[in-house]
Amino acid sequence: MKRLAFALLAVCLLAVPVLAQEGHPLKGSWLGTWAGNKIHGNDVLLVLTWDGKNVTGDINPGTDNIKVKNATLNPEGWVVHIEADAKDKAGQALTYTIDGKIENLPLANRVIAGTWKDSRGNTGAFRIGRQ
């Protein structure tokens, strides 16, 4: 019985650090929609990384790859701000700004919900969930 109790305690002590080492709240792959985006479509994928100082990454990696120029996270309210420079199908410059708030922060499948806008005045709802 003592061995069983000790083994259970050891498993619990090892599991706690594993759960706590998730990293930066924005790090990971995020999948969702930016509603009404006629240039890059309604579906959006973000892959974000944290280098210890900055959040970097890509929006729609692949053929529509858009590099994240600036991304910030304000822990007071968990407010997210992302800026990215893109090109439309004709090759004309376009800047996106995404503002949102992290919902369900303690969960691994958290969500960022807010709005997107571009430098041409287009705007819409933005919602992505971490995968």
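Please read these numbers as outputs of a predicted model, since none were measured by experiment.

Thresholds applied
Residues numbered from 1 in each chain as written. Predicted model: local features only at pLDDT ≥ 70, side-chain atom pairs only at ≥ 80, totals over all residues. Heavy atoms only, no water. Buried < 20%, exposed > 50% of the residue type's maximum accessible area, 1.4 Å probe, protein only. Helix = DSSP H or I, 4+ residues; strand = E, 2+ residues; numbered from the N terminus. Pairing = 2+ DSSP bridges. Phe/Tyr/Trp six-rings, centres within 6.5 Å; stacked < 30°, edge-to-face > 60°.

Brief notes about the pairing of strand β3 (residues 55-59)
Taken residue by residue, a regular strand's side chains alternate between the two faces of the sheet. Of all 5 residues making up β3, 4 are buried, and the element is well covered by its neighbours. In this structure, strand β2 (residues 43-50) lies alongside β3, joined through 5 bridges in antiparallel fashion. By the bridge assignment for β3, Thr49 is matched with Thr56. Two elements, β3 and strand β4 (residues 66-74), share 2 bridges in a ladder whose sense is antiparallel. Pairing of Asp58 across the sheet is with Lys67, part of β4. Between the end of β3 and the start of β4, which pair antiparallel, lie 6 residues, with Asn60 showing a positive phi angle near 50 degrees.

A short note on the packing of aromatic side chains
Within the structure shown, the criterion is met by 4 aromatic pairs. On the numbers, 4.6 Å between centres and 35 degrees between planes, the contact of Trp34 with Tyr96 is tilted. Placement of Trp34 in strand β1 (residues 28-34) and of Tyr96 in strand β6 (residues 93-103) is noted, with a sequence separation of 62 residues between them. Of the two residues examined, Trp34 and Tyr96, each falls in the buried class. Plain terms: the ring middles of Trp34 and Phe126 are 6.5 Å apart, the flat faces sit at 65 degrees to each other, and that makes the pair edge-to-face. Taken together, the residues Trp34 in strand β1 and Phe126 in strand β8 (residues 123-130) connect sequence positions 92 residues apart. Each member of the pair, Trp34 as well as Phe126, carries the same accessibility label: buried. Members of the aromatic cluster, each reached through a chain of ring pairs, are Trp34, Tyr96, Trp116 and Phe126.

Limitation: the analysis is restricted to geometry and does not speak to function.
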